[in-house]
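These are the residues of each chain, in order.
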There are 2 protein chains.
Amino acid sequence: MSDKLDLIIVGAGIAGVSAAVYARRSGLTFEIFEPKLVGGQLFYMEKIDNYVGAEPGITGAVLAKRLSDTLENLQISPQKEKVKEIRQKEGFIVSTTNKKQYYSRAVIAATGASFKKLNIEGEDKFTGSGVSYCAVCDGFFFKEKDVAVIGGGNTAVEEALYLSNFANSVTLIHRRDKLRALDYLQKKLKEKNNIRIIYKKTVSGLKGDNKLQGLVLSDEQGKESQLSVDGLFVAIGVRPNTDFCDGLVSTDDWGFIVTDDKMKTSQGSFWACGDCRSRPLRQLITAASEGAIASIEAYKKIKGSYLST
Amino acid sequence: MSDKLDLIIVGAGIAGVSAAVYARRSGLTFEIFEPKLVGGQLFYMEKIDNYVGAEPGITGAVLAKRLSDTLENLQISPQKEKVKEIRQKEGFIVSTTNKKQYYSRAVIAATGASFKKLNIEGEDKFTGSGVSYCAVCDGFFFKEKDVAVIGGGNTAVEEALYLSNFANSVTLIHRRDKLRALDYLQKKLKEKNNIRIIYKKTVSGLKGDNKLQGLVLSDEQGKESQLSVDGLFVAIGVRPNTDFCDGLVSTDDWGFIVTDDKMKTSQGSFWACGDCRSRPLRQLITAASEGAIASIEAYKKIKGSYLST
């Protein structure tokens, strides 16, 4: 058994890093776990203009590097271990990673979310050979090609706009009769002459041998049609990365962890922040703020203090 | 009368700037008012290590400049006018500045708060060089140093407890013969062997050249003594800058504007964010996040949109 820690933080995206910064500054003993690179979803972001305090237009990769530097500056070294399960035992939180077990008095989940899949035949086979979940990551491979985006929210429209800068044509496919995206995004769509929208259809099949060559679309009556494309960008939503704490804390209908406005979950020693949390505005700046709040609240609980700053 | 705007934002500290960034991206028509420099309380901060996304150790002045650049990049020019009064008229918000009146559909208050000062010589000079008004913000810079906290309420005691986690010694100085803080906080104080309390003395002078090195304390008879410290945390109260909206929205006992977790006040077209708001954690990162949330919520109300991002 490891020594008992005050806190463990699961995930080193921007929320987890912010939590770690505040934990260090509060003098807590803790570990932060991240099996991948520090920065999480930042690596899917090309250009960031809405995170005040960072330089306008900073890339996700540069911001991720800055998070690494921030940890290093505070002598925090993330453990490259995957937390597979969390449970309670004798008043402690027991976190089981792929390497060992850690005991702590509190836990902050900052595990983010993953892109939703279409769950149709060939999706995995064509991932990386025509099917993508991130226009910013893979869009450039489709320069002067014909691509489709599936979805109707901000992300789908933003991806379509992004792709239209270098693709030959972009077809936005949405199952409903109108988009959910912000007005100004929809206006931008109309300004582009190489984007068209297909409403009330879904993607029911993928065509091609080794590379994607086309889609099978289905309308509401199940009538099928074909669309030739070189690429398909799936932007139908995200799924929280919360398998490790299944059943331990309350979640919303989509599996996101429910907290109060101080990031506290239904379990007294468990806080959640960032994209794994049920929240109204999924942005970098809100995730970073939530990490700070979760960390200070965990501090209060651990130290029995009622800090009102 | 000016043309009617969608939104006005009062204050261009980090909360107001974040609100403006999101307002621009949402396509709202708006003005942001700031009679002083963009950056607000940043100008009192010497070194910032807890704002993830900015470079570790960035100064408040540099971060303030970056907020200016962020506004400029989005072609937002703050109006250098002071909002003196806000009221409702015929379904609109009427903001009266020192120059004219503005009509808008919504308002976001981001006017911050002012720490009560000791009003002694050298206080401004040493602010950021030993004198601080926030232990959570600046405490970490006093690791293994000797610090003093002045005040006798909950905040002062909480700050002393917080600082005791990493400072070498903490001296709590209170002008009366007993503390006003809650009993359990006072009990915690006694458990700490690196905190001592000096009663019935005030801080009447600050010693040091470029950095604070000691305090002059005065007892009730005016007799002076000296105390060597590296840091002084002034915790004698904070006052929200909310005179302009007196009586229009609900406030807590200390005058801070009460909102729900989406930053909405008791008045349907009025949001508040940052330090003028009643909130559990007064930090730059939470203020920036709240500005974004307030802005998107105002957008939803104005455009009647249901934004799910």
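Because the structure is a prediction, the values reported are computed rather than measured. (Residues numbered from 1 in each chain as written. Chains lettered and ligands numbered in written order. Predicted model: local features only at pLDDT ≥ 70, side-chain atom pairs only at ≥ 80, totals over all residues. Heavy atoms only, no water.)

**Q** For this particular structure, what's the right way to read the pattern of salt bridges?
**A** Close approach of charged atoms allows side chains of opposite charge to pair. A full pass over the atoms with the stated rule returns 21 salt bridges over all chains. Across the salt bridge formed by aspartate 69 of chain B and lysine 65 of chain B, the nearest N and O atoms sit 2.8 Å from each other. Of this pair, aspartate 69 of chain B and lysine 65 of chain B both sit in helix α2 (residues 60-73), 4 residues apart, roughly one helical turn. Ionic pairing is found between glutamate 297 of chain B and lysine 300 of chain B, a salt bridge with its closest N-O pair at 3.0 Å. Of this pair, glutamate 297 of chain B and lysine 300 of chain B both sit in helix α7 (residues 284-303), 3 residues apart, roughly one helical turn. Connected through shared salt-bridge partners, Glu55 and Arg66 of chain A together with Glu55 and Arg66 of chain B make up one network. (Salt bridge = Lys/Arg side-chain N within 4 Å of Asp/Glu carboxyl O. Helix = DSSP H or I, 4+ residues; strand = E, 2+ residues; numbered from the N terminus.)

**Q** Would you mind going over the environment of lysine 300 of chain A with me for this structure?
**A** Here lysine 300 of chain A falls in the buried class, since its relative accessible area comes to 9%. A distance of 2.9 Å separates the side chain of lysine 300 of chain A from the side chain of glutamate 297 of chain A, its partner in a polar contact. (Buried < 20%, exposed > 50% of the residue type's maximum accessible area, 1.4 Å probe, protein only. Polar contact = N/O pair within 3.5 Å; in protein donor to acceptor, adjacent residues only side chain to side chain.)

**Q** Looking at this model, I keep getting lost on the pairing of strand β2 (residues 30-33) of chain B. Mind explaining?
**A** Each regular strand carries side chains that alternate between the two faces of the sheet. All names here are of chain B. Of the two faces of β2, the one lined by Phe30 and Ile32 and the one lined by Glu31 and Phe33 are each fully buried. Pairing analysis gives 4 bridges linking strand β1 (residues 5-10) to β2, with the strands arranged parallel. Its bridge partner being in β2, valine 10 is matched across the sheet by phenylalanine 33. For the segment spanning β1, helix α1 (residues 14-25) and β2, crossover handedness is right-handed. (Pairing = 2+ DSSP bridges. Right-handed = clockwise from strand over helix to strand, strands pointing away.)

**Q** Looking at this structure, how should I read the sheet that holds strand β11 (residues 201-208) of chain A?
**A** Sheet strands pair by backbone hydrogen bonding; their relative direction is either parallel or antiparallel. Residue and element names in this part refer to chain A. The antiparallel open sheet is built from 3 strands, whose spatial order is β11-β12-β13. The open sheet terminates on both sides in strands that have one partner only, identified here as β11 and β13 (224-228). Between one strand axis and the next, the sheet turns through 30 degrees on average, direction left out of account. Here strand β12 (residues 212-219) runs beside β13; their pairing, made up of 5 bridges, is antiparallel. Counterpart to glycine 214 in the pairing with β13 is serine 228. (Axes fitted to C-alpha atoms, helices over the stretch in contact; angles between N-to-C directions.)

**Q** Is there a simple way to think about the interface of chain B and chain A in this case?
**A** Counting from both sides, the interface comprises 54 residues of chain B and, opposite them, 50 residues of chain A. Both sides of the chain B and chain A interface together cover about 4900 Å² of buried area, and 58% of this is carbon and sulfur. Ionic pairing is found between glutamate 55 of chain B and arginine 66 of chain A, a salt bridge with its closest N-O pair at 3.6 Å. Our count for the chain B to chain A interface comes out at 17 residue pairs in polar contact (both at pLDDT 80 or more). For the side of chain B that touches chain A, the secondary-structure elements that each account for two or more residues are α1, α2, α4 (135-138), α5 (154-164), α6 (183-191) and α7 of chain B. At 9 residues, the largest contribution of residues to the side of chain B that touches chain A is made by α7 of chain B. (Contact = heavy atoms within 4.5 Å. Buried area = accessible area lost by both parts, 1.4 Å probe.)

**Q** What is the right way to look at the domain arrangement of chain A in this model?
**A** When the parts of a complex come together, some accessible area is lost, and that lost area is often used as the size of the interface. When the domains of chain A are assigned, the result is domain 1 (4-114 + 238-308) and domain 2 (117-234). The gap between the C-alpha centroids of domain 1 of chain A and domain 2 of chain A is 32 Å. (Domains from an automatic or database assignment.)

**Q** Which parts of the structure should I look at to understand the side chain of serine 95 of chain A?
**A** Structurally, serine 95 of chain A is set in strand β4 (residues 92-97). Those residues in contact with serine 95 of chain A that lie beyond four places of it in its chain are Ile8, Val83, Glu85, Ile86, Lys100, Gln101 and Tyr102 of chain A.

**Q** Even after reading the chapter, I still don't get the sheet that holds strand β8 (residues 146-150) of chain B, so can you show me in this structure?
**A** All names here are of chain B. Taken together, 5 strands build an open sheet; the order of strands is β7-β14-β8-β9-β10 and the sheet is parallel. Edge positions in the sheet fall to β7 (131-132) and β10 (195-199), since each of these pairs with one other strand and no more. Most of the contacts of α5 go to β8, to which it runs at about 170 degrees, and overall it touches β8, β9 (169-174), β10 and β14 (231-234).

**Q** In this structure, what is going on with a positive patch on the surface? I would like to understand it.
**A** Among the surface-exposed residues, Lys187 and Lys190 of chain A together with Arg105, Lys264, Lys301 and Lys303 of chain B lie close enough to one another that they form a single positively charged patch. Those elements that provide at least two residues to the positive patch are α6 (183-191) of chain A together with α7 of chain B. Inspection of the secondary structure puts lysine 264 of chain B in the loop between β15 (238-240) and β16 (270-272). A residue is classified by how much of its surface remains accessible, and lysine 264 of chain B, at 31% relative accessible area, is partly exposed. (Patch = residues over 30% accessible without salt bridge, like charges linked within 9 Å, V, L, I, M, F, W, Y side chains within 5 Å. Areas by Shrake-Rupley, 256 points an atom, 1.4 Å probe, with all protein chains shown as cover. Lys, Arg positive; Asp, Glu negative; His and termini not counted. Charge placed at Lys NZ, Arg CZ, Asp CG, Glu CD.)

**Q** Where do I start with the pairing of β14 of chain B in this structure?
**A** All names here are of chain B. Burial of β14 is two-sided: the residues Gly231 and Phe233 facing one way and the residues Leu232 and Val234 facing the other way are all buried. Here β7 runs beside β14; their pairing, made up of 2 bridges, is parallel. The partner of serine 132 across the bridge, within β14, is phenylalanine 233.

**Q** What's the story with the side chain of glutamate 34 of chain B in this structure? I'm lost.
**A** Residues and elements named next belong to chain B. With respect to the helices, strands and loops of the structure, glutamate 34 is situated in the loop between β2 and α2. Among buried charged residues, glutamate 34 stands out as having no salt bridge; its nearest opposite-charge side chain is lysine 36, 6.4 Å away. Within the structure, the side chain of glutamate 34 is placed 2.8 Å from the backbone nitrogen of alanine 12, a separation counted as a polar contact. The residues touching glutamate 34, leaving out its near neighbours within four places in the chain, are Gly11, Ala12, Gly13, Gln79, Lys80 and Glu81.

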